[in-house]
Each structure stands twice: as structure tokens, then as C-alpha cells.
Amino acid sequence: MAKLELREVVKKYGEVIALDRVSFQVQDGEFLTILGRPGAGKTTILKIIAGVEPITQGKLLLGGEDIASLSPEFRDVAMVFETYALYPHLSIYDNIVFPLRSPLRRRTLSESELKSRVGEITEMLQISDLLDRKPVELSGGQRQRVSLARALVRRPQLFLMDEPIAHLDAKLRHGLRPELRNLQRRLGVTTLFTTTDYMEALGIGERILVLNEGKVLQIGTQRELWATPASEEVGELLGMPPMNIIKGASPRVKAGEMFLADSGFKVKIGKKQRLRIEERSLTKVDVGIHPSEIRLLQSDDKYEVTCIGRIYVYEPLGTKGSLSVRVGEHTLKVQTEARFTKRTPEEQIKMYINERDIHIFDPTTRKNISTG
Amino acid sequence: MLRKSLRIMAIVLIMIWTLFPIYWVILMSFKTPIDVTTYPPKFIFKLTLDNWANVLLGKEWTGTHYETVKTDILRYFKNSLIIASGSTALAIFLGLPAAYSLARYKFFRKEDFAFTLLSFRFAPALVVVFGLYSVYQRLRLYDTYIGMIIIHQILLLPFVVWMMRSYFAMIPAEVEQAARVDGYSWWGMFSKITLPLVKPAVAATSVVAFIYSWNEFLYGYVLTGDKVRPVTPSLLGFISYERVLWGQMATAAIVAMIPSVLLSLFIQRYVVAGLSFGAVRG
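Bear in mind the structure is a predicted one, so any value in this text is a computation, not a measurement. All chains use their own residue numbering, which begins from 1 and follows the written sequence. Lettering of chains starts at A and numbering of ligands starts at 1, both following the order in which they are written. Totals for whole chains, interfaces and linings use all residues, but because this is a predicted model, local features are given only for residues with pLDDT of at least 70 and pairs of side-chain atoms are given and counted only at 80 or more. The side-chain quantities take in all heavy atoms of the structure and omit both hydrogens and water.

Novice: Break down the pairing of strand S18 (residues 320–327) of chain A for me, citing the residues and quoting the values.
Specialist: Residues and elements named next belong to chain A. Where burial is concerned, most of S18 is hidden: seven out of the eight residues are buried. For two strands to count as paired, DSSP must find a minimum of two bridges between them. Secondary structure is summarised from DSSP: a helix means a run of H or I of at least four residues, a strand means a run of E of at least two, and numbering begins at the N terminus for each. Two elements, strand S17 (residues 307–316) and S18, share six bridges in a ladder whose sense is antiparallel. Bridging across to S18, valine 313 finds its partner in serine 324. Between S17 and S18, which pair antiparallel in sequence order, lie three residues; one of them, glycine 318, sits at a positive phi of approximately 80°. With eight bridges joining them, S18 and strand S19 (residues 330–337) adopt antiparallel strand pairing. Pairing of serine 322 across the sheet is with glutamine 335, part of S19. Between the end of S18 and the start of S19, which pair antiparallel, lie two residues, with glycine 328 showing a positive phi angle near 60°. For the exposure calls, accessible area comes from a 1.4 Å probe over protein chains only, and a residue counts as buried if that area is under 20% of its type's maximum, exposed if over 50%, partly exposed in between.

Here it is, written out as C-alpha cells:
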């Protein structure tokens, strides 16, 4: 069990910068989720920690010890590869016990202990009937679970899981997520878990690290990321549909209050944010609004109308819906309940946005003015 | 139906084209010296085992009785066996690490190195062989097994390296990385994961390399004396001033052919298994 720390880590592949001064800490026993689009550098982070890729610059500390120059076999970390990386010539059972039979761990467990350890894990992952097969004979989802099992049979300092449940069908994924979380809690092993799916990140992680183009955009709990996204990119990565960003809106002062006003659009700006805007003397700002924070008003609602638009298109998204509304020259996405069919296109619609739910970004740096 | 019969006809024609010379040599080995040189050639003749008795057992029929004569074909055969096995073993031993490095690592002028290795096979052997002759005399490598094994590396090493390089490259790097993370040293990973995965490819490559070495003629002819002469150049021994022993030469040629033919039949299956490597993608 150990605390992990990266300090200003840089990783270059030739001239390409894969990781750009990445720094973060993971506490002993903590579960950190790394969220980012494909190609953001998630896999690279895990690989440099595992030691299969060297770092170009920076410090890598595990349990207070600098492990940057340590061979992977001595780092005592277990990794689940996104590509599964099973051993094609070995049976599923031999694949899973392979790490337990390594020269470093040999003879710490007897054959029967190995068997029961494998049995326990494969039971949980529902692959116990596949143990005699070869990896080629398995489906993608089954291979992914074998790869997960090969890591989970170990009791390492650190689990590194690279999208370990991404290729499973929805039912299994939902069943497995809490199981994984439980097992991790029980074992108390520090864990890094990557995903491209924000729902998964919000659902599983205590803390979430948002990664984009090799840079750490923000680290925080789900609540922090939601309430104060550090930049427009963070906002765009969270939520389905992603955050609405209205570019280049001009704040205006009227009767002692500051407003963001545009055609069909008028939102008050809170005191704190007004202060920030004035400190920086910004004449234009980018405004972010989560689609779920926009309230569609019925005619008898008492809320103040902050926004008027015309319905453009409605997309059902399963458990919820996404309504596109034309407001002036912008299109706002609004999250609705499922089977939202009360309105028809081109119909006028009134909306309410609370001033607390408005995120204001500096248009040049795209960073949140209340944090950066 | 028509297409099928055309196909069969084409296959028959190709079979005749390739097998006829072998068939002819086999016939020749059962003919008397007079029948061999008769024109037009005879397809039906009186079978004789004289050539075989002479080449394999060293018994010559004088008309009244068998007389013991000197025959060295089996010794040459053994020489070929030693040289071809030794060359193949050395080429695999040296070639596997080279191939692995070329497949996995980046290093200075890697592609130039790989191409230079391949280019050893471009120059005609005849250009270098006489220079090699005097070098070999001085280094006392002339007419030694080790000398032949070394010179055959020119033929085999580029082949082994280029073949095995592509096989190693087919193993996903992450499979090897997984083994390292699972607690194995580089050597542990190589012996437990990498080698078992390329085993069929190593077998197929070795067999082809063995055949290359076995069939080699020129270096064997120029760089050996009688002691370690391989079987291929030894066939020329049946040509002398007075006469050409066609029947005995044909017999010796058949004997020399056996390993290549057997191995070719054997690798057919193995090479297909080795080449269709798709199963590796785990």
C-alpha cells in the first residue's frame, strides 16, 4: 500500500510531447479516476508509472521512494491493459496465475492457494468456466475480464487500470463497477482508473483527474468539477450533452447590476464573478451552462424568464432527452426528462437560468475566472 | 466443370515440368552406362542396381565378381549434415537477438544496418570467393567445418534476421510489457512469452535455412578440400578425363536430394502454421 506522487513529469516520444509537466498525488488506498478523450495521455501516465515506458523528465515517487529508474518487475504494480495484452499461448488459468508464478513471488503461495485465489476472482468476474480455454477462443468482453483478473489476483502496491470495463456490455459493466470498487476498498490498494466516459468517472471515483492533450486540467471530486470546472475543456468533457459554451458574450452594467445580455438572453452575474470580471477588465467573456441547469418554464411558472428561444430539435437519450433551442444566434442544449414530447419545433419556449449556475471563462485562456 | 478440368490440366502440366528432371535422374540411376548415353533416350530398359551398389556400398561388378572400390558419398553426406546443422544453429543463435533488436528498439541507423545485412546477398558469390580462398588458406580455415559454417552465415544470417524480425514485430509490445509488469525480468519475459510465441516461426526459418545451406555449391566447391567437402560439389567427382559416371552421379544426386525433399515436405505444414501467425493477437 502506498502513496503515489508525480512531480512535473514530462514524457516525450521523439518530438511529440505526450505528457506536459504532469503533477498529482494519490493518497494511500485512494481511488483516482483519470478522465480524458482518447489520445489525451491516459495510457501514457499508467505506462510510465508501471515502468514500461521511461519518463523524459520529472519525479515519480511511490511510497516516498523514487521509482523512476526502477525496472517494472520491481515496482510491484499491477496493470490492466486497454488492449488486454493476454498471453496467447497460455490457457486462461495460466494467464491469470502468471504474475503469481513470477520469480519474485514464487513459493509465497502454494498451488492450492493459487487455485482458490484464482477461483475467487474469476467467480466475481463470471469467467470461471473459461479457465481451460486459450485467449483466441474468447470474446472481447471475456478477454477484458481475464485481463482484469490477472491484475486482481495480485496484492500489489498499486493497481493501474486502463479502461478496464470499457468493452463490456452495459449490464456487466453496471454489475462490475460496484464490485470493483468494493474489492478495491476491501484490499485498500491505491488505484488509478482511466476512462473516456464521464458517467463512469463520476460514478466510480472519489477524485477525478481531467486530462487533455497531456496536461492536467483539473483534479477534484465530482462536485467540484461540476460546480467549478477549471476550464471550458473540463465543462465540455462532463455531461451528456456537454456544457453549453456561449462565446464572446459582453457583460453590461445596468442599474447597478451586471448582466450578460444578448438577443433573447439576459442573465444576471453574481457579485463575486462581477468582481473578477472587473479585476481583469474583460470586455468579452465565454459563458458555460450545464444543460441540466437550464429550467424550461411552463406558462404558469413563477420563475423569472432569463432566456427565450425557439425549439430546434429534440433527441431522446434513453433515460433523458436533449432539446436544442435556438436563442438568437446561439444554440443551447437543454437536458429534459425522457420522452419529452410536449413541445413541437419552432415553438417559442421560455427558460430560467440561476446566476449560481453560470460559469464564466476568460476567452483567451479558456480558464474559469473564479479559479484561475 | 470446364474451369475445374482446365485447372487440373494446368496442375498436371506443372507437375510434369517440375518432376520430370527428378524422374529422369531416378531412371538414370538404374541404367547401365550404355543405356544412359543411348540416343534416342530409352524409357524401357533393363534395370540394374550396379550404380547403387557402387555408390552406397562400394561394390563394383566387374562382369564376373564384385570388387571393393572406394566410395565417399556417405562421408560427404555426413559433412553436409554437420555444415548445414552447424550453420543453421549459429545463424539462429546470432540472428534471433539481432532480429529482436531490429523489431523492438530504436537505434542509430537501424534501417541502414538491416539493409547492409541484406545486401550481403546481392553480390554474386563468384566475385568474392577467390579472395576468400586466399584468406581462408592463411587463416587455416580452408577445408574446415568451422570455416564452412562461418561462410554460410553470409547466406543464412540475412535470411534469419529478416524473417524473424517480422515475426517478432507481430507480437504486440503490450503483451511483453504485461509480462514485465507481472514481475518478470527481460530474460524471463523473453523465455516465457516471446520465444514460445515465435517457436513455430523459428522452426520454419531453421528448416529453410538448413535447406539453403545444404544446397549451397560454390563456397563448398572452392573453400574445401577432400576432408570436409559437402555432398553437392562432391558430385563433380564423377566427372573425370576418361569418362563421366552418369549412373553413379545420378545415384549420388538422389541421395544428396533426400534431406531437402523430406524437409520441404515437413515444412509445408509448419511454414503455413508459422506464417499464419494471426493467433498471436491476444
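That covers the picture; the talk isn't over yet.
Novice: Which residues make up unusual backbone geometry, and what values do they have?
Specialist: Glycine aside, residues mostly have negative phi angles, and peptide bonds mostly take the trans form. The peptide bond linking tyrosine 39 of chain B to proline 40 of chain B adopts the cis configuration, its omega dihedral lying at -5°. If you trace the backbone, proline 40 of chain B turns up in the loop between helix H2 (33–37) and helix H3 (50–57). With phi around 55°, glutamine 126 of chain A is a residue other than glycine that occupies positive phi space. With respect to the element layout, glutamine 126 of chain A can be found in the loop between helix H4 (111–125) and helix H5 (140–152). Residue glutamine 126 of chain A is classed as exposed on the basis of its relative accessible area, which comes to 54%.

Novice: Hey, could you go over the interface of chain B and chain A for me, with residue numbers and the actual values?
Specialist: Two residues form a contact once any of their heavy atoms are found within 4.5 Å. The interface is formed by 19 residues belonging to chain B together with 29 residues belonging to chain A. The term buried area denotes the loss of accessible surface (1.4 Å probe radius) that occurs when two parts are joined, taken as the sum for both partners. When the two sides are added together, the surface that chain B and chain A hide from each other amounts to roughly 2100 Å², 59% of it contributed by carbon and sulfur. It is Glu174, Val181 and Asp182 of chain B in chain B that bury the most area against chain A; as a group they hold 31% of the surface buried on that side. By convention in these notes, a salt bridge is any Lys or Arg side-chain nitrogen within 4 Å of a carboxyl oxygen on Asp or Glu. Put simply, chain B and chain A have four salt bridges between them. A salt bridge links arginine 180 of chain B to glutamate 73 of chain A; its shortest N-O distance comes to 2.8 Å. The term polar contact refers here to a pair of N or O atoms within 3.5 Å; inside protein, the definition further demands a hydrogen-donor-capable atom paired with an acceptor-capable atom, and it admits residues adjacent in sequence only when both atoms are side-chain atoms. For the pair chain B and chain A, the interface holds twelve residue pairs in polar contact (both at pLDDT 80 or more). Of all the secondary structure elements, the ones that give two or more residues to the side of chain B that touches chain A are helix H8 (173–181) and helix H9 (186–215) of chain B. Broken down by element, the residue count for the side of chain B that touches chain A peaks at seven residues, all from H8 of chain B. Residue classes follow a fixed rule: Ala, Val, Leu, Ile, Met, Phe, Trp, Tyr, Cys and Pro count as nonpolar, while Asp, Glu, Lys and Arg count as charged, and any other residue, Gly among them, counts as polar. Partitioning the side of chain B that touches chain A into residue classes produces ten nonpolar, four polar and five charged.

Novice: So, H8 of chain B: which residues are in play, and what are the values?
Specialist: Burial analysis of H8 of chain B places eight of its nine residues in the buried class, the great majority of the element. The inward-facing, buried residues of H8 of chain B contact helix H1 (42–50), helix H2 (72–75), strand S6 (77–80) and H5 of chain A together with helix H4 (73–104) and H9 of chain B. A positive phi of about 105° marks glycine 183 of chain B, the residue just after H8 of chain B.

Novice: Explain the sheet that holds strand S2 (residues 16–26) of chain A to me, and be specific about the residues and the numbers.
Specialist: Residue and element names in this part refer to chain A. One open sheet accounts for four strands, arranged S2-S1-S4-S5; its pairing is antiparallel. Both edges of this open sheet fall to S2 and strand S5 (65–66), since each of them pairs with a single strand only. Pairing of strand S4 (residues 57–62) with S5, which is carried by two bridges, proceeds in the antiparallel orientation. Paired with leucine 62 across the bridge in S5 is glutamate 65.

Novice: Give a description of the sheet that holds strand S8 (residues 190–195) of chain A that names residues and reports values.
Specialist: All names here are of chain A. Across the sheet, which stays open at both edges, the six strands sit in the order S6-S7-S8-S3-S9-S10 with mixed pairing between neighbours. In the strand order of this sheet, the two ends are held by S6 and strand S10 (215–221), each with one partner. Each neighbouring strand pair of the sheet contributes to a mean axis angle of 15°, computed without reference to strand direction. Each axis is a line fitted through C-alpha atoms, taken for helices only over the stretch in contact, and angles between the N-to-C directions span 0 to 180 degrees. Against the sheet, H5 touches S6 and strand S7 (158–162), its axis set at about 175° to S6.

Novice: Tell me about the confidence of the model for chain A, and name the residues and values.
Specialist: Residue-level confidence of the predictor, termed pLDDT, takes values from 0 up to 100. Taken over all residues, the pLDDT of chain A has a mean of 88, while the share at 70 or more is 98%. Model confidence for chain A, summarised as mean pLDDT per element, is weakest for strand S13 (residues 257–262) of chain A at 78 and strongest for helix H3 (residues 92–97) of chain A at 96.

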